[in-house]
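# Overview (structure and organization)
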Amino acid sequence: MNPLEPPALAKHFITHPPRAFTAATLANGVVAFTAPFDVLTTADTAMRQRISRWPLHRHWRRWLSLRTRFIGTTVTEYAVFPEDVDPAVLARTLRREQSDACALLIIKDIPQYSPLLDDADNAWAAAFAAQCAREGFVLVEGQALAWVPIDFTSSDNYLARLSRGRRRDLRRKLRSRTRLEISTIPTGTAFNDDALIDEFHHLYRNVYEQSEIHFDFLERAFLAAVLRDADAGGIVFVYRHEGRMIGWNLCFEYAGALVDKLMGLAYPASREHNLYAISWFENLDYARRRGLHRYIAGWTDPQVKADLGARFTFTRHAVYPRNRLLRLVLRHLAGHFESDRAWRDARTADAAIDP
């Protein structure tokens with residue numbers, strides 16, 4: 001259920017989990033991982049600032065990092081479940097068999113009426129989330145997953161849908177294309193060189209370190225396995241300036257979509273050449289030429305992606321603290337952990353004021 005990318009990604013995640021993670025396939029076929037999790041990772045700014053002012057914060061702050069059992073992966077857009085399992089039975093089984101393993105049990109990225117899935121998968125996800133709630137899980141809204149339907153005939157046709165100001169800004173940024181050498185390379189033997197993997201991983205680390213959230217650091221072994229997997233349908237977009245690689249973007253063709261997965265960037269060169277905007281349009285052009293139906297652009301930076309013309313669909317996380325008191329507290333504070341929902345609501349309100 002819920003696949004948006006090739007199964008190889010989850011396989012490589014299990015074999016080469018992120019740093020400080022352990023991962024495995026459970027007896028019921030569900031992928032799970034265990035990791036230390038800072039409970040303020042997705043908290044809104046107001047809550048983080050309020051807690052930072054509490055007495056002796058720097059001494060007890062580390063206690064907010066809890067050993068957590070996650071159902072799902074960090075390399076798939078949705079939690080993927082076996083096709084033949086009953087949603088109510090699975091929710092009940094996971095709560096009974098996994099909730100005592102760690103301080104927190106989190107079933108991550110449950111689809112929520114997703115336009116990227118069929119009716120059967122959406123109905124299954126809705127039934128599963130409802131049963132999770134009955135089992136005592138707290139349902140927390142997840143991140144905004146960006147996507148674009150490929151229903152345009154050219155970049156100019158796509159740009160024409162955006163506001164005049166955004167069109168002007170993006171056309172200025174896209175002029176940097178003329179100074180770049182852009183190549184598309186299928187995953188496989190082209191990445192057998194260890195030095196090339198080192199370079200790719202270095203640029204990935206750059207992106208990770210400048211991110212606001214530091215959770216799942218993908219090890220070099222994972223990147224090497226994915227880039228060398230010729231059967232996964234991966235396409236790597238490589239961006240060079242005067243012969244030097246300043247960025248790369250790993251995507252996958254799967255089920256009629258181009259799915260954006262990983263990126264590596266050299267700073268400040270990638271910013272100087274507007275590489276994020278250029279890679280967005282490069283991916284859209286590739287998907288259009290290949291006759292694909294949609295481009296799935298992943299989580300994070302929803303406002304940036306909205307400015308680039310993305311649409312959004314949301315997920316839910318089902319969270320089960322082992323401690324009953326913590327479950328009660330979470331029910332009252334869940335809204336403070338839904339920053340993308342707050343962003344969506346504010347954006348909707350702005351649109352209603354100034355359509």
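Structure shown above.
Residues numbered from 1 in each chain as written. Predicted model: local features only at pLDDT ≥ 70, side-chain atom pairs only at ≥ 80, totals over all residues. Heavy atoms only, no water.

### Some details on the pairing of strand β10 (residues 294-298)
For β10, the tally of buried residues reaches four of five residues, placing the bulk of the element in the interior. Direction of pairing for strand β5 (residues 138-149) relative to β10: antiparallel, over a ladder of four bridges. Bridged to V148 within β10 is Y295. Pairing of strand β9 (residues 257-265) with β10, which is carried by three bridges, proceeds in the parallel orientation. Across the sheet, A257 pairs through a bridge with R294, a residue of β10. (Buried < 20%, exposed > 50% of the residue type's maximum accessible area, 1.4 Å probe, protein only. Helix = DSSP H or I, 4+ residues; strand = E, 2+ residues; numbered from the N terminus. Pairing = 2+ DSSP bridges.)

### Considerations on the sheet that holds strand β3 (residues 65-71)
What the 11 strands build is an open sheet, ordered β1-β2-β3-β4-β11-β5-β10-β9-β8-β7-β6; its pairing is mixed. Unpaired on one side and paired on the other, β1 (22-25) and β6 (181-186) mark the two borders of the sheet. Pairs of neighbouring strands in the sheet enclose a mean axial angle of 30 degrees, with direction left out of account. Direction of pairing for β6 relative to strand β7 (residues 234-241): antiparallel, over a ladder of six bridges. The partner of I182 across the bridge, within β7, is Y239. Across the face of the sheet, helix α4 (residues 87-98) comes into contact with β3, β4 (104-111) and β11 (311-321) while running at roughly 155 degrees to β4. (Axes fitted to C-alpha atoms, helices over the stretch in contact; angles between N-to-C directions. Contact = heavy atoms within 4.5 Å.)

### Describing the packing of aromatic side chains
A full pass over the atoms with the stated rule returns 20 aromatic pairs. Seen in terms of ring centroids, F37 and F70 are 5.5 Å apart; in terms of plane orientation they differ by 90 degrees. Their pairing is edge-to-face. Residue F37 is found in strand β2 (residues 31-38), and its partner F70 is found in strand β3; the two are separated by 33 residues along the sequence. Exposure class is identical for F37 and F70. Each is buried. (Phe/Tyr/Trp six-rings, centres within 6.5 Å; stacked < 30°, edge-to-face > 60°.)

### Comments concerning the pattern of salt bridges
Scanning the entire structure with this criterion turns up 18 salt bridges. Residue R161 pairs with D151 through a salt bridge whose shortest N-O separation is 2.7 Å. Residue R161 is found in the loop between α6 (155-159) and α7 (164-174), and its partner D151 is found in the loop between β5 and α6; the two are separated by 10 residues along the sequence. For E282, the salt bridge identified is with R177, shortest N-O distance 3.4 Å. Here the residue E282 occupies a position in helix α11 (residues 275-289), and R177 occupies one in the loop between α7 and β6, the gap between them amounting to 105 residues. Taking the relative accessible area as the measure of exposure, R177 reaches 23% and is therefore partly exposed. (Salt bridge = Lys/Arg side-chain N within 4 Å of Asp/Glu carboxyl O.)

### What about the nonpolar core?
F200, W248 and W280 are the most contacted members of the largest nonpolar core, which totals 77 residues. Per-element accounting of this core gives the leading share, eight residues, to α11. Here W248 is in contact with F200, L203, Y204, L223, V236, F237, V238, Y239, L262, M263 and G264, once residues within four sequence places are set aside. M1, F81, L105 and A129 belong to the second-largest nonpolar core, a separate cluster that totals 22 residues. (Core = buried A, V, L, I, M, F, W, Y, C linked by side-chain atoms within 4.5 Å.)

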